[in-house]
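# Overview (structure and organization)
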Amino acid sequence: MVPTSAAAPEPLKPDDLPLDGRQTLAWPMDPETKTVRNGSRLNKVLLLRLDPEGFDPETKERAAEGVVGYSAICPHTGCDVTNWHPDRRLLECPCHYSMYDPKEEAKVVSGPSPRRLPALPLKIDNGKLVVAKAFIGRPGFQQM
Amino acid sequence: MKRHRLHAMLAVSGLALAAFAATGSAQQPLPPLPKPDTPPPVAPILQNYKPVTADRLKQPEDSDWLMYRRTYDGWGYSPLSQITTENAAKLKPVWTLATGQIEGHQAPPIVNNGIMFVATPGNQLLAIDAKAGNLLWRFKRPIPEDMLLLHPTSRGVGLLGDKVYFAAADAVLVALDAKTGNEVWKTTVEDYNHGYYMSLAPLVADGKVIVGVSGGELGVRGFVAAFDAETGKPAWKTYTVPGPGEPGSETWPNGDQWKTGGGSVWITGNYDPDTKLAYWGTGNGGPWMGDQRPGDSLFTASTIAVDVNNGNIKGFFQYTPNESWDWDEVSPPILVDYQHNGKVIKGLVDVARNGYLWMLERSGDKINFVDGKPFVKQNVFTKLDPETGRPEIDPARKPATGKKADFCPSLWGGKDWPPVAYSPKSRLLYIPANENLCGTITGEPATYTPGQRYVGATSTLYIAPGADHIGELQAWNLDTGQKVWSHPFANSQLWGPMLATGGGVLFAGGTNDRFFRAFDASSGKTLWEFRTGSGVNGVPVSFQVDGKQYIAVQSGWGVDAARMQARLNLVRPWEYPDVPQGGSVWVFALD
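Quick caveat, the model's predicted, so the values are computed rather than measured. (Residues numbered from 1 in each chain as written. Chains lettered and ligands numbered in written order. Predicted model: local features only at pLDDT ≥ 70, side-chain atom pairs only at ≥ 80, totals over all residues. Heavy atoms only, no water.)

### Side note on the overall build of chain B
Broken down by element type, chain B carries four helices and 40 strands. Relative to the compact-globule value of 25 Å for 591 residues, chain B shows a C-alpha radius of gyration of 25 Å, a close match. With the principal axes as the frame, chain B shows a C-alpha extent of 100 × 60 × 55 Å. Buried positions account for 62% of the 591 residues belonging to chain B. Carbon and sulfur atoms provide 53% of the accessible area of chain B, an area that totals close to 21800 Å². Across chain B, 53 positive and 57 negative side-chain charges occur, with their mean positions spaced 5 Å apart. (Helix = DSSP H or I, 4+ residues; strand = E, 2+ residues; numbered from the N terminus. Rg over C-alpha atoms; globule rule 2.2 N^0.38 Å. Buried < 20%, exposed > 50% of the residue type's maximum accessible area, 1.4 Å probe, protein only. Areas by Shrake-Rupley, 256 points an atom, 1.4 Å probe, with all protein chains shown as cover. Lys, Arg positive; Asp, Glu negative; His and termini not counted. Charge placed at Lys NZ, Arg CZ, Asp CG, Glu CD.)

### Some thoughts on the overall build of chain A
Summing up its helical and strand segments, chain A has one helix and 10 strands in all. In chain A, the order of α-helices and β-strands from amino to carboxyl end is β-β-β-α-β-β-β-β-β-β-β. Against the 2.2 N^0.38 benchmark of 15 Å for 144 residues, chain A shows a C-alpha radius of gyration of 14 Å, consistent with a compact globule. Seen through its C-alpha atoms, chain A measures out along the principal axes to roughly 40 × 35 × 25 Å. In chain A, buried positions account for 52% of the 144 residues. Within chain A, counting contacts between residues at least 6 apart in sequence, those at least 24 apart form 49% of the total. (Contact = heavy atoms within 4.5 Å.)

### Topic: the state of the cysteines
Residue and element names in this part refer to chain B. Taken as a whole, this structure holds two disulfides over all chains when the rule is applied. At a sulfur-sulfur separation of 2.1 Å, the disulfide partner of Cys 408 is Cys 438. Between Cys 408 and Cys 438, the S-S dihedral sits near 95°, and the bridge is therefore right-handed. Residue Cys 408 is found in the loop between strand E27 (404-407) and strand E28 (421-423), and its partner Cys 438 is found in strand E30 (residues 437-443); the two are separated by 30 residues along the sequence. Under the relative-accessibility criterion, Cys 438 is labelled buried at 1%. (Disulfide = S-S within 2.5 Å.)

### Points about the layout of surface pockets
Its boundaries defined by the atoms lining it, the largest pocket holds a volume of some 910 Å³. Around the largest pocket sit 27 residues that line it, and Leu 25, Asp 80 and Thr 82 of chain A together with Thr 447 and Arg 453 of chain B are the ones nearest its centre. Sorting the residues of the lining of the largest pocket by element identifies strand E2 (24-27) of chain A together with strand E31 (457-463) of chain B as the ones contributing at least two each. Class assignment of the residues belonging to the lining of the largest pocket gives a composition of 10 nonpolar, 11 polar and six charged. There is about 760 Å³ of room inside the second largest pocket. Lining the second largest pocket are 23 residues, with Val 109, Ser 110 and Gly 111 of chain A together with Ala 566 and Asn 569 of chain B positioned closest to its centre. Those elements giving two or more residues to the lining of the second largest pocket turn out to be strand E8 (107-110) of chain A together with helix H4 (559-571) of chain B. (1 Å grid on protein atoms, 1.4 Å probe; cavity = no way out; pocket = protein on both sides within 12 Å on 5 of 7 lines; lining within 4 Å. Points joined across faces, edges and corners; volume = space filled by probe spheres on them. Nonpolar A, V, L, I, M, F, W, Y, C, P; charged D, E, K, R; others polar.)

### Structural notes on unusual backbone geometry
In this chain, Leu 298 of chain B is followed by Phe 299 of chain B through a cis amide linkage whose omega measures -5°. A cis amide bond links Cys 408 of chain B to the next residue, Pro 409 of chain B, at an omega of -5°. Tracing the sequence through the fold places Pro 409 of chain B in the loop between E27 and E28. Not every positive phi belongs to a glycine, and Arg 89 of chain A is a case in point at roughly 50°. Within the secondary structure, Arg 89 of chain A is located in the loop between strand E5 (83-85) and strand E6 (90-92). Phi is positive for Arg 427 of chain B, close to 55°, though the residue is something other than glycine. Secondary-structure assignment places Arg 427 of chain B in the loop between E28 and strand E29 (428-434). Arg 427 of chain B sits in the partly exposed class, given a relative accessible area of 30%.

### A look at the nonpolar core
Membership of the largest hydrophobic core comes to 94 residues, with the highest contact counts inside it found for Met 116, Phe 117, Trp 280, Phe 507 and Phe 543 of chain B. By size, the runner-up hydrophobic cluster in this structure holds 76 residues, among which are Ala 119 of chain A together with Leu 348, Leu 360 and Tyr 576 of chain B. (Core = buried A, V, L, I, M, F, W, Y, C linked by side-chain atoms within 4.5 Å.)

### Remarks on the pattern of salt bridges
Residue and element names in this part refer to chain B. Evaluation of the coordinates by the stated rule reveals 37 salt bridges over all chains. In this structure, Lys 186 engages Glu 183 in a salt bridge whose closest nitrogen and oxygen atoms are separated by 3.3 Å. Take Glu 183: its relative accessible area is 36%, and that puts it in the partly exposed class. For Asp 272, the salt bridge identified is with Arg 362, shortest N-O distance 3.2 Å. Within this pair, whereas Asp 272 is found in strand E15 (residues 270-272), its partner Arg 362 is found in strand E23 (residues 356-363), the two being separated by 90 residues in sequence. Residue classification places Asp 272 among the buried positions, given a relative accessible area of 4%. Through salt bridges that share partners, Lys 50, Arg 56, Glu 61 and Asp 64 make up one connected network. (Salt bridge = Lys/Arg side-chain N within 4 Å of Asp/Glu carboxyl O.)

### Concerning the sheet that holds strand E7 (residues 157-160) of chain B
Residue and element names in this part refer to chain B. With antiparallel pairing, four strands are arranged side by side in an open sheet as E7-E8-E9-E10. Edge positions in the sheet fall to E7 and strand E10 (183-188), since each has one partner strand and no second. Strand-to-strand twist of the sheet, defined as the mean angle between neighbouring strand axes without regard to direction, takes the value 20°. (Pairing = 2+ DSSP bridges. Axes fitted to C-alpha atoms, helices over the stretch in contact; angles between N-to-C directions.)

### Quick look at the sheet that holds strand E18 (residues 313-318) of chain B
Residue and element names in this part refer to chain B. Spatially, E15-E16-E17-E18 is the arrangement adopted by the four strands of the open sheet, whose pairing is antiparallel. Two strands bound the open sheet, and with one partner strand each, they are E15 and E18. Taken pair by pair, the neighbouring strands of this sheet meet at an average axis angle of 20°, ignoring direction. Pairing between strand E16 (residues 277-281) and strand E17 (residues 302-307): five bridges, direction antiparallel.

### Points about empty space enclosed by the protein
One way to see where empty space is left: roll a probe the size of a water molecule over the atoms. All names here are of chain B. One pass over the full model with this rule turns up seven cavities of 30 Å³ or more. Looking at the largest cavity, it is lined by 19 residues, and the ones nearest its centre are His 151, Glu 217, Trp 266, Asp 560 and Arg 563. Each residue belonging to the lining of the largest cavity can be placed in one class, and the counts come to eight nonpolar, two polar and nine charged. Considering only enclosed or pocket space, the second largest cavity measures out at about 120 Å³ in volume. Around the second largest cavity, the lining is made up of 16 residues, and of these Ser 331, Pro 332, Ile 334, Pro 419 and Val 420 lie nearest the centre. Considering every element that reaches the lining of the second largest cavity, the biggest residue donor is strand E22 (residues 347-351), with three residues. Looking at the lining of the second largest cavity residue by residue, the classes come out as nine nonpolar, four polar and three charged.

### Here's the deal with the interface of chain B and chain A
Contacts between chain B and chain A engage 22 residues on the former and 17 residues on the latter. For the pair chain B and chain A, the summed buried surface comes to about 1800 Å²; carbon and sulfur atoms form 55% of the total. Put simply, chain B and chain A have one salt bridge between them. Glu 92 of chain A is paired through a salt bridge with Arg 567 of chain B; the nearest N and O atoms lie 3.0 Å apart. Our count for the chain B to chain A interface comes out at six residue pairs in polar contact (both at pLDDT 80 or more). For the side of chain B that touches chain A, the element with the highest residue contribution is H4 of chain B, accounting for four residues. Class assignment of the residues belonging to the side of chain B that touches chain A gives a composition of 11 nonpolar, four polar and seven charged. (Buried area = accessible area lost by both parts, 1.4 Å probe. Polar contact = N/O pair within 3.5 Å; in protein donor to acceptor, adjacent residues only side chain to side chain.)

Spelled out as structure tokens, the structure:
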């Protein structure tokens, strides 16, 4: 995983993410070819490092050293989920204010979103954050 | 041995094929394809579809509602008068129809001689027998899966001849055959990959179909564009943000900022057929913080007068120079004459998102300032220049990059997109206002990425201390400039487009309790209310078929009404009800 903001793609380590801080937006990068998979914005992922104490069992299993990964694309109308409420540790979409709890599979806490953010199970490989399994659920949003 | 195996495999394959064929033969046979050049079947009621002429658009029959606000002046007034203050309490539903869509159903049911056209979210258009409720045809255009559509809604269609014009969300203008719903032509207005989308009802004037684009939060350069109504051929395109050397470009002194300067056009312009000028409201600048784009940022947060012959901007009035509060001038002014200081003014009246009621004059090509006053709590403007109307701004109330400012009204303004109505009988202007809402905005740097959010701000909403209501339906006398009555809603915001009628009855929904209501236009008293399945965000209309008056509206909560509700529930948790989504068309009448 490499940050979307980086000029040169450097794989992220858990310590690169602020503990209990705002989410980092990232692209997946092929570890062999170093290809950054940013051809579709639906590949965009958000990463958060949290105290795993409050995680539900599913989230605990998918997290790596407290880092959880979710699709960054709001399933409502497709905005990047960029807002962060540090007091309650909730994610918020800036467009229509859907809120998600990253400690509980990014379930919808409030707002118009029809479903939770798809989770991306992570693991640590050589100290780097790596995708462990495919997205749980389909990234993207429903255009009726 | 090998050969034997191969045979066995073939045998198995053969079995598989046989099984497939057997399943195939059990399927329901399909009807034959229609022969080429065979006209599609037309519902009997559509066989005598009454063409819409330029004259009918200028002077519609009382029974019809042919455009967004029924008449070019934007009044939202039907002269029909069978439903009165005496009998409105007896209104009953006649029919209802599920649209199959969620999100904000904002479009008026457009009615031509008993045929109703309803645009819904999801790029859908329904043609309905307005009296009986039969669905005659349905048009649906897929919305691209990768499209960022911030306002999933449509505000209706335009009509001319036997065509129906639909501004599809993915910035494509489509002309349909009113009798069949088949596409006659379509033309791409702009590239949705660059943040452009459309949500308005097209304006049909002077043989052209005229649309504007949304996308001010996505780094667009707003524009109004006209197309030949018959062929779809582009006629002209006028940007709301001028390029270098064009009038107003001096208000964009910083490099290429005009290229992503915002100025969305959310709502159908109103039109003066005598001068051929169409008046459009323009959205705020992009990014939101004015300190990032020094200058007045013309023609954002303005009304522009556009000559429909050639698209030239002949006049303008800017409500909020260097706008930084998300106060799009989302709706256009209505065209109405009023008295001011003993003189009759050929007027434009705008109920602005910045919380001011603006009395303007349309004088030849120019738009002159006459008067302006707040209609809700407004603490940003310290005064207006008496000659030009330019506001003086309290710098403490203006957000900027790295600076938080606290201000009223909130970013949704004193009135957002829901249109006002004006009755020539009562000579009152009816405003769906939101009072007592304030907020903060904190500016932050914004980076432009094509098609992505380009705002640079975070915001909060709060309710003013001591407030006893939010939603407030107001009536203003334009000749005296005074508020005559107001109807507060204690527990709801008001996102209800207004309908005024000749029977002295007003209609509006817009509250979070899912009611659609009738009010006495002279007092604001509730005469009748009916609870629909969802919140009523739609523009209500009135029409007549076979001598009987009907009221029609769409129910379907969503977009900004729902977004404000989400914020209110953070301010006062559990005090605001969950409003289910799901659209339907409703038609009401007396027995």
